[in-house]
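If you want the building blocks of each chain, they are given just below.
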Amino acid sequence: MNAVSNTIAGLDRILTMELVRVTERAAVAAARLRGRGDEKAADQVAVDAMRSELNRLNIKGTVVIGEGERDEAPMLYIGEEVGTGKGPAVDIALDPLEGTTICAKNLPNALAVIAIAEKGSLLFAPDVYMDKIAIGPGYPEGTIDIDASPADNIASLAKAKGVPVNEVTACILDRPRHARLIEAVRATGAAIRLIGDGDVAGVIHTTDPEETGIDIYIGSGGAPEGVLAAAALRCTGGQMQGRLILDTPEKVARAAKMGISDPNKVYRVDEMARGDVLFAATGVTDGNMLAGVKFGRNYITTDTIVLRSSSRTVREIKARHQDLDKF
């Protein structure tokens, strides 16, 4: 790639295969430690692999959603520059192993995830919780509202989908803080898919309810994960709203340093991920949308989705890798 400024063509080159290689390499590294019970080790090898592959890309990349602040994360920290420095300037949001506990226990839906957008296009979100609600594409704008009750949102979605409420399934993180939310959703007659971890995957699953069985995601989870999920929805036309939970003066101050002046602001998809956005995810463990990494005697197989917002393209890439040395 030549150093052609911030052009869409620059992002095209990344989309073709390079971005896939980034998540494939991280997923394979993490998959080698599936079921071993060591979350930190699995996360570290995924980080190492993703960073190594990112630094091969002809981009001027800045990590805006990463492993944490510089003093918390030695690699892929917020503000770290990656890539060769010879291509377009881009923002990067990433999670080398989304669902560390899932991977350590070899449970479904662990992913290696990355989103890339033109410089200044991704929300610079502090590492706090965020209230979230999300649905996939094909529904009228305003079908969901983060300030509406769970019953109203479920009823609105059911009406838009043309089904009774009892045919709607909500995905919710299985946490004590969600006890009232779970009770309220169940009271409507809707079904719930509880997940133990991995709310990026939970939101992404709303993009294809026929495949995943999930229609809506509701609840609170990490704000960085919210930006990653919004990047995926931006590419598919889904709807999402998020509000940062800034419930202490310290969190308000941290957010202010990152340019967030209104602690009560509701962010929509195109405010969390603007412009041309590319998103890739590779399965680490088997899941509803993606198969996990498979290790054969002479090859490794991976399952990846690559999304692009400007074309609303969804590419599914099932790869068989026979050159094992690259991993």
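Everything below is about the structure shown above.
A quick note: this is a predicted structure, and the numbers were derived from the prediction, not measured.

Novice: What should I look at first to understand helix α5 (residues 179-188) in this one?
Specialist: A turn of α-helix holds 3.6 residues, and therefore any two residues three or four places apart point the same way. Those residues of α5 that fall on the buried side of the exposure criterion are Leu 181, Ile 182 and Val 185. What you see down the axis of α5 is that its buried residues fit within an arc of 100°, all on one side. Looking at α5, the residues exposed on the side facing more than 90 degrees away from the buried face are Arg 180, Glu 183 and Ala 187. Looking at the packing, one finds that the buried side of α5 touches α4 (150-161), β6 (169-173), β7 (191-195) and β8 (216-222).

Novice: Just checking my understanding: could you explain the pattern of salt bridges for this structure?
Specialist: Opposite charge on two side chains permits pairing when their charged atoms draw close. Enumeration according to the criterion identifies twelve salt bridges in this entry. Arg 51 is the salt-bridge partner of Glu 80, the closest N and O atoms lying 2.7 Å from each other. Of this pair, Glu 80 sits in the loop between β1 (60-65) and β2 (81-82) while Arg 51 sits in helix α2 (residues 39-54), and the two are 29 residues apart along the sequence. Between Asp 247 and Lys 251 there is a salt bridge, with its nearest N and O atoms 3.0 Å apart. By relative accessible area, which is 54% here, Asp 247 ends up exposed. For Lys 251, a relative accessible area of 22% puts it in the partly exposed group. A single network of salt bridges, built from pairs that share partners, joins Arg 25, Glu 53 and Arg 56.

Novice: How should the state of the cysteines be read in this particular structure?
Specialist: Working definition: the covalent bond between the sulfur atoms of two cysteines is a disulfide. Summed over the entire model, instances satisfying the criterion amount to zero disulfides. Of all cysteine sulfurs in the structure, the one in Cys 171 sits closest to Cys 103, which takes part in no disulfide; the separation is 19 Å. Cys 235 forms no disulfide, and the closest cysteine sulfur to it belongs to Cys 171, at a distance of 20 Å. The buried category is assigned to Cys 235, whose relative accessible area is 0%.

Novice: Where do I start with the sheet that holds β7 in this structure?
Specialist: Within a sheet, adjacent strands bond to each other through the backbone by hydrogen bonds, running parallel or antiparallel. One open sheet holds the six strands; their spatial order is β7-β6-β8-β5-β9-β10, and the pairing between them is mixed. Only two strands of the sheet have a single neighbouring strand rather than two, namely β7 and β10 (266-268). Strand after strand, the sheet turns through a mean of 20° between neighbouring axes, direction not considered. Here strand β5 (residues 129-135) pairs with strand β9 (residues 239-244) via six bridges, running antiparallel. If you follow Lys 132 over to β9, its bridge partner there is Gly 242. In the packing of helix α8 (residues 223-236) onto the sheet, contacts are made with β5, β8 and β9, and the angle to β5 comes to roughly 20°.

How each quantity is defined
- Residues numbered from 1 in each chain as written.
- Predicted model: local features only at pLDDT ≥ 70, side-chain atom pairs only at ≥ 80, totals over all residues.
- Heavy atoms only, no water.
- Buried < 20%, exposed > 50% of the residue type's maximum accessible area, 1.4 Å probe, protein only.
- Helix = DSSP H or I, 4+ residues; strand = E, 2+ residues; numbered from the N terminus.
- Arc of directions from axis to C-beta.
- Contact = heavy atoms within 4.5 Å.
- Salt bridge = Lys/Arg side-chain N within 4 Å of Asp/Glu carboxyl O.
- Disulfide = S-S within 2.5 Å.
- Pairing = 2+ DSSP bridges.
- Axes fitted to C-alpha atoms, helices over the stretch in contact; angles between N-to-C directions.

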